[in-house]
Structures are given as C-alpha cells and as structure tokens.
Amino acid sequence: MFEGIELDKIDISANPPAEEPVRQYYFMAKCRRWVMDFEYKNGRLPKACVTTFGCQMNARDSEKLVGILRQVGYEVTEEENADFVIFNTCTVRDNANQRVYGRLGELKSYKKRNPAMKIALCGCMMQEPAVIEKLCASYRFVDLIFGTHNIFKFAELLCRSFEGQGMIVDIWEDTDQIVEELPVERKYPFKSGINIMFGCNNFCSYCIVPYVRGRERSREPEDILREIRRLAADGVVEIMLLGQNVNSYGKNLKEPMSFAGLLREVEKIEGVERIRFMTSHPKDLSDELIQVMKESRKICRHLHLPLQSGSTRILERMNRRYTKEQYVALAEKIRREIPDIAITTDIIVGFPGETMEDVEETIDVIRRVKYDNAFTFIYSKRTGTPAAAMEDQVPEKQVKEGFERVLKVVQDTARAQVARYQGQTAEVLVEEINAQDEGLLTGRMSNNTLVHFPGPPELIGRIVLVALDKCQGFYYMGRMVL
Ligand code: 5AD
Ligand code: SF4
C-alpha cells in the first residue's frame, strides 16, 4: 500500500491528479463511494470474483486486481455468480483462449439473472486485435476490457464503468511505464511472487508473449528490495522472483545490474528463508548465477530451464539461440556444481517441420538431463508469430505419437529423479491442508517436490523437518521429525 494515502481523506470532488500512483488512489476513493451506495441500497456489500488463467505472472497480476477490489470495499469470492467478475486471460496456447470463450458463455447466463452484474476481461488475450474484434462483435454483454500494459489503471477503468453504460475497451500497444506502490492482496500469507521485470525481447518463433507483453522492462532494484522487505516484515518466508526471462534482468536499467547481483541483495533480507525464480532462458544463464546459487543458503534447489526441443535444427527454427549440445553441457555443468538441484523444463512437440527423428533428439536430452519434472505441450499455432507462417505444419497423428513418446520418457525419468531422496530428511515449507485427506498437511521441499504428512494446520507457513518415508510417483509421504 502506498504509504501516507488514506482513501477517506481524498477529495473526490476535485479533478483527478495526473501523476501515478496517486491518480489511481483517487479513483479507488471514487469507487469506494459507489460500493458504499451499493451497500446502502442492497443491505450487503457487492461481491467480486477474479478468475486467473495462465502463468505465475498472471497469478501475481490477479493479486493486484484483488488488492484494488478489496481497497474499494468489495467482498472477494471464488464464485463466478458475483456482482463483478473479471477474467485475467492467457493466450500462450489456443486452448487457453477457447476456455475463456466457454466460460464467458456461463457468465452470460449469470448476467441474465442479475442484469446489474459487471463482466470484465483483461490479460494477454486482450492484446490480440482479432480477440477484441470477436468480443466487440459477439460478446456485447462484456462491460470492460483492458490489456496487460494498462492493468495499473484498473481502478480508473472500474470507476468509468460505474459511471457509464456500454462496453469500455482500453488497450495499449506497448508501454515503458512501471507504476509502483499499488495495493496487492496475496493469496498465501507466507509466500509471494514479485515481478522483477515485464515483457520479453526474445521472439522465439512460436511464442506470442513478446507481442502481448511488450518489450523487456526491469524494475529498479530498490523498488524490488523495498517490496520484499515489506513482505518479509509481513510474514512472507518464500518469495518467487518473476519474469519471462529473469537471466536478462537489469540489462537496460540506468545503472545495469545482473540477475545474480539482484539475488545477492535479496539474499541479505532478513526473514526471507527461501528464494525461487522463474523463468530462465538457457542462452542467458551465467556462471555468476550458478555460483550465487551454489553459495546461497536461501535460493531453492530448483531451476526451471525450458528446453522446448532437443533438436538443434528445430531449435534454430524456434529462434532459441542455443544448440542441443550447448543446452546439455549447461545442464551438466549445473548438476556438477549443484548436485542436489532439481531441473525442470518445458517441451513443445509438433513445431512446424518436426520429424520423429527430431522428437528422438528431444528424448535423448530428457534421458541425459534427467528432468525432475517437465511440462510437455503440443505446439499451438499463434497468429502473428513467425512459426504460424511456416508451411510444414505437422500432421495431428504424428504430433500425438511424438507427444505420447515424450510424455512416457519424461514420466519415467521424473519418477526416478524424485525418488532419489527416499529415506532422507528434508526441510519442507507447509503450504496447506491436504485436499484429499484433512489429517494431512502438504508442503514443498526446496527442490519443489511435494510432501504429504500428518500434522496440525497451525504449521501452515512454517518450515519443518520431514522424513521422506515413501516416494509415490512424483511426491512423498512423510513424517515430521523434531
Ligand atoms: N505452442 C505450444 N507451447 C507454447 N509455449 C509457448 N508458446 C507455445 C505455443 N505456441 C510453451 C513454451 C513455454 C511455455 C510457457 O509455453 O514451452 O516455455
Ligand atoms: Fe516466449 Fe521465448 Fe520470451 Fe519465453 S523467452 S516468453 S518462450 S519468446
């Protein structure tokens, strides 16, 4: 929260201030007035629901949306039959888009029953002109649409939607602005994501992210460190530094700083026990980073290192700027330097021009690197990316066959990797009550492996020692030791 601003003291009869973030606090104060009117008329607070699609970045953005909704007085619920519903969308693969359209159909039926309901859409999918055209033509019941670059303006847009009628669409093509000090409400009290940079400059040929998230912009280290200090003071023990390509953090700052340099500073913050980060591009992973990880007590033993393909020919067409050999050599170096690290990855099957020989190359890398986990995706054609224009799209049958072969090998190696720690004792951050069995707690090892064990809910948010009694596929059943 921006220190020194109290919403009740803002004069909303004055003109809105021009500078940020005070401008947004002015609009929050205005929205709060509207919420109070609603409460007076209906005898209850209005309810808001934020639904997130996609990655950790979107999850963090949603926490910002929730922060503002709470500030203005909404009761936040997980039920989509609410007075205000916002979908924070993803567009990295087409099935993410299709799910949004499907769920919008459900919202339409809620709105029929509650015509005062407001529906909003934001996030990556909204940065695609074809999506906006479709929404404007066939989804007129949506009240508010904005994109990734102006999410900081949410309070202002919300206010406009209270004051006016009809669909509001506000999409920016790009921005170099980073607005600090807006409210955020964390989903978990004990862990938090922190954006360290926005956007991506890599233009992998299949990927839509650079088009919808814009050019790379790093936050100032002081802003990041201040946010983490505050989080630590508020009880956060685990932080996840977020960026599309954290290894190129800080290159364009007025006073450049490397990602490894930033990690060294974060490490010094008292109260922070665990540091994670996501995502690393292999081409930019420095020896300095490996060294910092090796020496650190707090940086978790986990590295997510997207491979995408194990075929040098395909990697070149993907514009990944490393070869199979370079990737394997990097993974081997990391394993040599930090033997207890878990390496996870992303793999795409069915990229244009991919043959079964190329798939075999990918499988060869999986066997050599021995991933602890891998997310395997079927290639999805994204309009506007270079790969979408490539002629040799792979037939569906071949894609399926390749996908299943990759999945099988990934599962076999992951199972063996995860089982490496059976019989040992590990520090586990307790995250929640087990979803299937209320008597059990679920937590995570430093290397990100899940562990279930009996214990009281009071331990949630604490780091405890657990004996890893039995590996069951991709997780452990354990027992607390003290
Ligand atoms: N099709 C399939 N998977 C994709 N990814 C990104 N773009 C596409 C696409 N067009 C995957 C990559 C990336 C992860 C976040 O999503 O593997 O690492
Ligand atoms: Fe997409 Fe490549 Fe950027 Fe990752 S590094 S967001 S895959 S363009």
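*Asks:* When you look at the sheet that holds strand 12 (residues 302-304) in this model, what are you seeing that I'm missing?
*Replies:* Hydrogen bonds between backbone atoms are what pair the strands of a sheet, whose relative direction is either parallel or antiparallel. Judged by pairing direction, the sheet is parallel, and its 3 strands sit side by side in the order 12-13-14 without closing on themselves. Two strands in the sheet have a free side with no partner beyond their single neighbour: strand 12 and strand 14 (373-378). Strand-to-strand twist across the sheet, computed as the mean angle between neighbouring axes with direction ignored, equals 15°. The sheet contact formed by strand 13 (residues 342-349) and strand 14 spans 6 bridges and is parallel. The residue of strand 14 that forms the bridge with Asp346 is Phe375. Across the face of the sheet, helix 11 (residues 324-337) comes into contact with strand 12 and strand 13 while running at roughly 160° to strand 13. Running at roughly 175° to strand 14, helix 13 (residues 396-418) makes contact with strand 13 and strand 14 of the sheet.

*Asks:* Looking at this structure, how should I read the layout of surface pockets?
*Replies:* One simple way to see leftover space: roll a probe sized like a water molecule over the atoms. Put simply, the second largest pocket is a space of about 840 Å³. If you go around the second largest pocket, you meet 37 residues; those closest to its centre are Lys64, Glu181, Leu182, Val184 and Glu227. Elements supplying a minimum of two residues to the lining of the second largest pocket: helix 2 (56-72) and helix 7 (221-233). Residue contributions to the lining of the second largest pocket peak at 8 residues, all from helix 2. Looking at side-chain class alone, the lining of the second largest pocket contains 13 nonpolar, 8 polar and 16 charged residues.

*Asks:* Help me understand the side chain of Asp358, please; the structure alone is not making it clear to me.
*Replies:* Mapped onto the elements of the fold, Asp358 is located in helix 12 (residues 356-369). Exposure remark for Asp358: the relative accessible area of 6% places this residue in the buried category. Here Arg313 takes part through its side chain, which lies 2.6 Å from a polar atom of the side chain of Asp358. With near-sequence residues (within four places) excluded, Asp358 lies in contact with Ser311, Arg313, Ile314 and Gly353.

*Asks:* I tried to follow the nonpolar core on my own but got confused; where do I start?
*Replies:* The tendency in soluble globular proteins is for nonpolar side chains to be buried as a group. Of all hydrophobic cores here, the largest spans 67 residues; its most connected members are Leu241, Phe259 and Phe277. Ignoring sequence-local partners within four residues, the contact set of Phe277 consists of Met240, Leu241, Val246, Phe259, Leu263, Leu289, Met293, Ile299 and Leu303. Phe27, Cys31, Phe154 and Val179 belong to the second-largest nonpolar core, a separate cluster that totals 34 residues.

*Asks:* Just to check I follow, could you spell out the sheet that holds strand 5 (residues 144-146) for this structure?
*Replies:* Within the open sheet, the 6 strands sit side by side as 2-1-3-4-5-6. Their pairing is parallel. Two strands close off the open sheet at either side, each with one partner strand: strand 2 (75-76) and strand 6 (168-170). Here strand 1 (residues 47-52) pairs with strand 2 via 2 bridges, running parallel. Across the sheet, Lys47 pairs through a bridge with Glu75, a residue of strand 2. Running over the sheet, helix 5 (residues 154-163) touches strand 3 (84-89), strand 4 (118-123), strand 5 and strand 6 and is turned about 155° from strand 6.

*Asks:* Explain the site of ligand 2 to me, please; I cannot follow it from the model alone.
*Replies:* Around ligand 2, the neighbouring residues are Cys200, Asn202, Phe203, Cys204, Tyr206, Cys207, Val209, Pro210, Gln244, His281 and Arg320. A breakdown of the residues in the shell around ligand 2 according to their chemical character gives 7 nonpolar, 3 polar and 1 charged.

*Asks:* Which parts of the structure should I look at to understand the environment of Leu65?
*Replies:* Of note, Leu65 is situated in helix 2. Residue class for Leu65 comes out buried when judged on its relative accessible area of 1%. If sequence neighbours within four positions are ignored, Leu65 has contacts with Val50, Ile86, Asn88, Cys122, Phe146, Ile151 and Phe154.

*Asks:* I keep staring at the pairing of strand 1 and nothing clicks. Help me out?
*Replies:* Each regular strand displays side chains that alternate between the two surfaces of the sheet. Between strand 1 and its parallel partner strand 2, the chain crosses via helix 2, and the hand of that crossover is right-handed. The sheet contact formed by strand 1 and strand 3 spans 5 bridges and is parallel. Residue pairing for strand 3: Thr51 is matched across the bridge by Phe87.

*Asks:* Would you mind going over the site of ligand 1 with me for this structure?
*Replies:* Surrounding ligand 1, one finds Val92, Arg93, Tyr206, Gln308, Asp346, Ile348, Phe377, Ile378, Tyr379, Ser380 and Arg382. The side chain of Gln308 places a nitrogen or oxygen atom 2.6 Å from an oxygen atom of ligand 1. In this structure, a nitrogen atom belonging to ligand 1 sits 2.8 Å away from a main-chain N or O atom of Ser380. Starting from 400 Å² of accessible surface for ligand 1 in isolation, the protein chains cover 86%. For the shell around ligand 1, the elements supplying multiple residues, two or more each, are strand 13 and strand 14. Grouping the constituent residues of the shell around ligand 1 by class yields 6 nonpolar, 2 polar and 3 charged.

Basis of the calculations
Residues numbered from 1 in each chain as written. Chains lettered and ligands numbered in written order. Predicted model: local features only at pLDDT ≥ 70, side-chain atom pairs only at ≥ 80, totals over all residues. Heavy atoms only, no water. Pairing = 2+ DSSP bridges. Helix = DSSP H or I, 4+ residues; strand = E, 2+ residues; numbered from the N terminus. Axes fitted to C-alpha atoms, helices over the stretch in contact; angles between N-to-C directions. Contact = heavy atoms within 4.5 Å. 1 Å grid on protein atoms, 1.4 Å probe; cavity = no way out; pocket = protein on both sides within 12 Å on 5 of 7 lines; lining within 4 Å. Points joined across faces, edges and corners; volume = space filled by probe spheres on them. Nonpolar A, V, L, I, M, F, W, Y, C, P; charged D, E, K, R; others polar. Buried < 20%, exposed > 50% of the residue type's maximum accessible area, 1.4 Å probe, protein only. Polar contact = N/O pair within 3.5 Å; in protein donor to acceptor, adjacent residues only side chain to side chain. Core = buried A, V, L, I, M, F, W, Y, C linked by side-chain atoms within 4.5 Å. Near = heavy atom within 4 Å. Right-handed = clockwise from strand over helix to strand, strands pointing away. Areas by Shrake-Rupley, 256 points an atom, 1.4 Å probe, with all protein chains shown as cover.

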